[in-house]
Amino acid sequence: MRVRDAFKVLPDPFTATAAPVTCIGPKGPKQATNLENPRLETLAASTALVVRRIMSKRIEATPMEVDDDKSIAVEQITPKFSISVLQLVKSAQMQHGLRHRDYTRYRRYCTARLRRLYKSLKFTHGRGKYTRKTITESTITDVRFLHIVLYMAERAWSYAMEKKQLPDGPNSRQRIHLLGRLRKAVKWATLFAQLCAAKGDSRTSLEAEAYASYMKGSLLFEQDQNWQSALMNFKNARAVYEELGKYGNIENQVLCRERVEELEPSIRYCLHKVGESNLQTSELLDIGEMEGPALDLFKSKLEAVMAEARSQQAASMTEFCWLGHRFPINNAKTRVSILKAQELEKDLHGSASDSLPSEKKLAMFDKIFSAYHDARSCIRNDLATAGNAENVKDDLNGLDKAISAVLGQRTIERNQLLVAIAKSKFTKHRDDKADKVTKPEELVRLYDLLIQNTSDLSDLVSSGKNRNPEEVAFVEECVIKGSVYRAERCFYLAKSYSAAGKRAEAYLLFCHARSLADTALDKLQMTDKPDQTLIRDLKTLSENCRSNSCIEHAAGVMEEEKIPEKLSKGVSTISLTGQEKKVGKFLLEMLDVYESAVGDPSSKLVARITPFPPPFQAVPCNPIVLDIAYSSIEFPSLENRMKKDKKGIFSRLWR
């Protein structure tokens, strides 16, 4: 029975009758007398009755009631801490290195942050002998204790990711260390979730559970063992972040949605490994193009899987075919690099390439160039170690020539893509400020690059002694493409002269571009398998050259007709007397006259305050003094003041 229940049965002290009160003293109970006020006697009796009832009920109370009273009191005293876990972690990561994937910097920040937290909480581990202090529920009296556990997990995770981002990948020893740090991160994340469940509010507890699930999933993802458990942990984290993304402020909702998007590739990859998804290799590569710290582990895993698949596929690749030649490939690294480039070429020239944006195509070209350059470096290393084996050297030189030719072809394709992008911007209206309009000079520069590329490729292919028909046809194709690029360059050069107002030069260049286009069209139609798209482009170019030449001719004639009119107008405005129109005086010249120097507000006359820049004024020069009296002055003799040389006895004798 509680105190409030006991007071329900108290009699009214102002209406109850007086009664003797038994007081408990040191010598036993005795009767209290001589109470002056009957109301005070009634109040004393009521208080004694309450005390007796409480004491008796406490003796008869069950342990359950006592525990309930204690729990209510503890809940009223113990505060609940609130932490925005995802926002805290994201802000720390973006501000201290992970924006550029610098995990070393972020790990050092976590270490420094932990040191500051230990000192501010006076929770250091001793000066002399290191004695680690554990963090339990009873220890947490400040929210910074929870920050300590969180940053311990972040430091272990960042150390593992630092080992993962090594240039050549972690070796066996470093991989053991990596897995150990991930286990440490899971340990601290699990402790953080337990402490937040006991000391944090409901949202903090949910975020901590999602954080711990993500860490567990990352460890299982890296171990390559239990994909089902990794999938379950990633799904638990995604479900929590999806629910949290529906509430709270806008910034927190955006962060939760971004984390859901970052978790999605890992979930799809786990489904692929479990066998519940039919993902293709290109789709996995598309997933790997996403950005975010949570995706770095997935990207490294995807790259390792792709490298393993390429190495297995490269085992069956024994030769490289190019223009009827077959060159053997003995180096495994060379085969893997060539295979990687060929896979990217398939994705670039596949059926789905039309839907790819231009930026992604340019990025794929960069990867292709990198793969072929790696293959060439491997071939050069093999040439350096080949020794005197002539057959091996010939094969390696032929393979190097073939790889260089393919690299030249991809360079031409990339520059053609840049030309297409520039042309799409060149045809836009000038008033469209959403995107920058391409100038004709930029297209001229791109066509210069294409002409140089085709010339280099033609020289490279025709450099051999015994050329087969495929090589001869390829060289002829390069020559025709070079003539097409020259016609296009001449057309846009004429455009630049037209924009500068040089009609005669533009007219001649348009005519020359038309003749080049017609010549290239005739050569292209004489080939065995003419390119219809290129023929259509050349016909369009010839028509554009003809129309633009007519426009420039007409504009030049009109300007010639306007020259006499402009000349007569200019002559009519010439003043023969040389007198200019009188203008008023400046304000500083008529300070004694009350007249406005600003002018009428309705007129467009400029205010005349003072002339600027001020006119030059004559300034007298300093006089020139010529010192001509110096030669006429006779100065006194100073020999008596000069020091005389002292001579000895022998010097006097020899005078």
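Whatever comes next refers back to the structure up there.
Nothing here was measured: the structure is a model prediction, and the numbers come from that model. (Residues numbered from 1 in each chain as written. Predicted model: local features only at pLDDT ≥ 70, side-chain atom pairs only at ≥ 80, totals over all residues. Heavy atoms only, no water.)

**Regarding the nonpolar core**
To keep things clear, this is the line we draw: By convention a nonpolar core is built from buried Ala, Val, Leu, Ile, Met, Phe, Trp, Tyr and Cys residues, the set being connected through side-chain atoms within 4.5 Å. Accessibility here uses a 1.4 Å probe with only protein chains present; expressed as a share of the type maximum, an area under 20% marks a residue as buried, one over 50% as exposed, and anything in between as partly exposed. A run of H or I in DSSP becomes a helix once it reaches four residues, and a run of E becomes a strand once it reaches two; helices and strands are each numbered from the N terminus.
Residues Leu146, Ile148, Trp157, Phe192 and Tyr241 are the most contacted members of the largest nonpolar core, which totals 66 residues. Elements supplying a minimum of two residues to this core: α4 (85-95), α5 (103-121), α6 (143-164), α7 (172-199), α8 (202-223), α9 (227-244) and α10 (250-274). The biggest single contributor to this core is α6, with 12 residues. Counting 65 residues, the second-largest nonpolar core is a separate cluster that includes Ala341, Leu446, Phe491 and Ala520.

**Observations concerning helix α16 (residues 440-461)**
Two residues of an α-helix separated by three or four positions point the same way, owing to the 3.6 residues in each turn. Heads up, the rule is: What a helix should span is 1.5 Å times the count of its residues minus one. Throughout, a contact is declared for two residues whenever any of their heavy atoms are within 4.5 Å.
Taking 1.5 Å of rise per residue, 22 residues should cover 32 Å, and α16 covers 32 Å from first to last C-alpha, within 8% of that figure. Turning to α16, its buried residues are Pro440, Leu443, Val444, Leu446, Tyr447, Leu450, Ile451, Asn453, Thr454, Leu457, Ser458 and Val461. Those residues of α16 hidden inside the fold are in contact with β3 (319-322), α15 (390-426) and α17 (469-499).

**Focus: the packing of aromatic side chains**
To keep things clear, this is the line we draw: Aromatic pairing here means that ring centres of Phe, Tyr or Trp (its six-membered ring) are within 6.5 Å. Orientation follows from the plane angle: under 30 degrees is stacked, over 60 is edge-to-face, and everything else is tilted. Think of it as a cone above the ring: NZ of Lys or CZ of Arg counts as a charge over the ring if it is within 6 Å of the ring centre and within 35 degrees of the ring normal.
One pass over the structure, following the stated rule, counts 17 aromatic pairs. For the ring pair Tyr447 and Tyr485, a centre distance of 6.3 Å and an interplane angle of 40 degrees mean the geometry is tilted. Residue Tyr447 is located in helix α16, and its partner Tyr485 is located in helix α17; the two are separated by 38 residues in the primary sequence. The pair Tyr447 / Tyr485 is uniform in exposure class, with both members buried. When the ring centre of Tyr159 is taken as reference, the NZ or CZ atom of Arg107 above it lies at 4.5 Å. The ring of Trp188 carries Lys187 above its face, with NZ or CZ at 5.5 Å from the centroid.

**Quick notes on the side chain of Ser498**
Assignment of secondary structure puts Ser498 in helix α17. Those residues in contact with Ser498 that lie beyond four places of it in its chain are Arg503, Ala506 and Glu552.

**Some thoughts on the packing of α4 against α5**
Under the convention used in this document: Lines fitted to the C-alpha atoms define the axes, with helices restricted to the stretch that makes contact. Angles between their N-to-C directions range from 0 to 180 degrees. In what follows, roughly perpendicular refers to angles from 65 to 115 degrees, roughly parallel to angles under 35, roughly antiparallel to angles over 145, and oblique to any angle outside these ranges. It is the rotation of the near helix from the far one that decides the hand of a crossing: anticlockwise by less than a right angle makes it left-handed, clockwise makes it right-handed. When residues are grouped by polarity, Ala, Val, Leu, Ile, Met, Phe, Trp, Tyr, Cys and Pro land in nonpolar, Asp, Glu, Lys and Arg in charged, and all others, Gly among them, in polar.
At their nearest, the axes of α4 and α5 sit 9 Å apart, and the two run at 125 degrees to each other. On the basis of the axis angle, α4 is oblique to α5. Once α4 is placed against α5, the crossing between them reads as right-handed. Contact residues: Val89, Ala92, Gln93 and Gln95 in α4; Arg105, Tyr106 and Tyr109 in α5. In terms of residue class, the contact of α4 with α5 is made up of 4 nonpolar, 2 polar and 1 charged.

**Some words on the pattern of salt bridges**
Filter applied, for reference: A carboxyl oxygen of Asp or Glu within 4 Å of a side-chain nitrogen of Lys or Arg is what we treat as a salt bridge.
Under the criterion given, the structure shown has 20 salt bridges. Lys164 is paired through a salt bridge with Glu222; the nearest N and O atoms lie 2.7 Å apart. Of this pair, Lys164 sits in helix α6 while Glu222 is found in helix α8, placing the two residues 58 residues apart along the sequence. Judged on exposure class, the residue Lys164 and its partner Glu222 are both buried. Where Arg376 meets Asp400, a salt bridge forms, and the shortest distance between an N and an O atom there is 3.3 Å. Placement of Arg376 in helix α14 (residues 358-384) and of Asp400 in helix α15 is noted, with a sequence separation of 24 residues between them. Through salt bridges with shared partners, a single ionic network connects Lys90, Arg259 and Glu262.

**A word on the side chain of His147**
Looking at the secondary structure, you find His147 in helix α6. Setting aside anything within four residues of it in sequence, one finds His147 in contact with Ile83, Leu88, Arg113 and Leu117.

**Re the packing of α4 against α6**
Remark: α4 packs on α6, axes separated minimally by 12 Å, with the N-to-C direction vectors making an angle of 50 degrees. Judged by the inter-axis angle, α4 sits oblique to α6. The two elements α4 and α6 meet at a crossing, and its hand is right-handed. Where α4 abuts α6, its residues Val85, Leu88, Val89, Ala92 and Gln93 lie against His147, Leu150, Tyr151, Glu154 and Trp157. Of the residues in the contact of α4 with α6, the class split is 7 nonpolar, 2 polar and 1 charged.

**Things to note about unusual backbone geometry**
Between Phe612 and the following residue, Pro613, the backbone shows a cis peptide bond with an omega angle of -5 degrees. Note on placement: Pro613 falls in the loop between α19 (532-572) and α20 (649-653). In this model, Arg101 sits at a positive phi of 60 degrees, which is unusual for a non-glycine residue. Along the polypeptide, Arg101 turns up in the loop between α4 and α5. Of the residues examined, Arg101 reaches a relative accessible area of 37% and is grouped as partly exposed. Within the chain, Leu323 stands out as a residue other than glycine whose phi angle is a positive 50 degrees. When you line up the elements, Leu323 lands in the loop between β3 and β4 (325-328). Classification of Leu323 as partly exposed rests on a relative accessible area of 21%.

Without other data, these values stay purely geometric and don't point to any function.
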